[in-house]
Amino acid sequence: METKKEFDQVEYLKNQLKYLGFGEGSTLHKDLEKGINSKKQQFEIKATSDKTLPGNKADFTIKFNKSDNGGVFLNSYNAKLTNEKNEEISHNFPVNRDNSFTAKESINLLEGRTVKIEFNNPKTKQLEPAFVKLNFDEPKTEKGNYYFQNFYKNYGVDTAKIAEKSNLIFDQPEWKENTIKSLEKGNVVKVKFEMDDKIVEGKAVLDPQNRNLKLYDSEMNRINTNKPLEGLEQDNKHEKNNVKEQSIKR
């Protein structure tokens, strides 16, 4: 029975790593098993990702705790983004059942984009859908985290309507739903859109704060503004905040 219990725990943690987007690599699994079998009450394992913008690099430190009765829990992970200038930004992301960010979503946040997730509204004290992004303009908290800037459902972000107003074109109806979901995860999404009576292929990023899409051409230049895709974070930083939203820790 003890062997089966231990096996189930290992499999559960492996699946948790998989669903959070850290992969199923043999090195990752070996490091996990080594940590579980060690006498340490806390242990960490490392992971990386290539799902960043060109020139960026993502590294993760995944943190585990052991309980007195032998349970092992994945409590949080630290995501660190390094750009081509070797500048680093990082944030600690808690892991729980209700609203954990995946590894890819943490990269999207660190690259300055916005992610939709179930978030605790401090006004209603309830969990509800919200678009969140990291506030790079404020100093970090004592725990080394950025504050979150949140746009709850009463802010009125409708991704489907935004896509329609941006003249996005979908070759198949089901592609629209997939595109909307990907945009809401903070991804840079390949799209087709109509511009100057022509069908253009490019990229799109959802900007919930201003209720619009940022559109880019195939050369990664911002449409009409000629801002490069790599400037997304700075783009977000200098945008005017047209609504006062409470910044909260997470």
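For the structure itself, consult the block above.
Residues numbered from 1 in each chain as written. Predicted model: local features only at pLDDT ≥ 70, side-chain atom pairs only at ≥ 80, totals over all residues. Heavy atoms only, no water.

Undergrad: Can you explain the pairing of strand S7 (residues 147–152)? Please cite residues and give values.
TA: Extensive coverage of S7 is indicated by the burial of five of its six residues. Note that strand S6 (residues 126–135) and S7 share six bridges and pair antiparallel. Counted as the bridge partner of valine 132 is asparagine 150 from S7. (Buried < 20%, exposed > 50% of the residue type's maximum accessible area, 1.4 Å probe, protein only. Helix = DSSP H or I, 4+ residues; strand = E, 2+ residues; numbered from the N terminus. Pairing = 2+ DSSP bridges.)

Undergrad: Can you explain helix H5 (residues 173–184)? Please cite residues and give values.
TA: Buried residues of H5: Thr179, Ile180, Ser182, Leu183 and Glu184, and no others. Packed against the buried residues of H5 are strand S5 (115–121), S6, helix H4 (159–165), strand S9 (189–195), strand S10 (198–207) and strand S11 (212–216). Directly after H5, the chain includes glycine 186, whose backbone phi takes a positive value near 90 degrees. (Contact = heavy atoms within 4.5 Å.)

Undergrad: Any chance you could break down the packing of aromatic side chains for me, citing the residues and the numbers?
TA: One pass over the structure, following the stated rule, counts ten aromatic pairs. Plain terms: the ring middles of phenylalanine 93 and phenylalanine 101 are 5.7 Å apart, the flat faces sit at 70 degrees to each other, and that makes the pair edge-to-face. Phenylalanine 101 carries the same exposure label as phenylalanine 93, and that label is buried. Ring centres of phenylalanine 119 and phenylalanine 148 lie 5.5 Å apart, and the angle between their planes is 55 degrees; on these two criteria the pair is classed as tilted. Here phenylalanine 119, found in strand S5, pairs with phenylalanine 148, found in strand S7; they are 29 residues apart in sequence, far enough to count as distant. What links up through ring pairs into an aromatic cluster is the set Phe22, Phe60, Tyr77, Phe93, Phe101, Phe119 and Phe148. The aromatic ring of tyrosine 155 is capped on one face by arginine 211, whose charged end is 4.2 Å from the ring centroid. (Phe/Tyr/Trp six-rings, centres within 6.5 Å; stacked < 30°, edge-to-face > 60°. Lys NZ or Arg CZ within 6 Å of the ring centre and 35° of its normal.)

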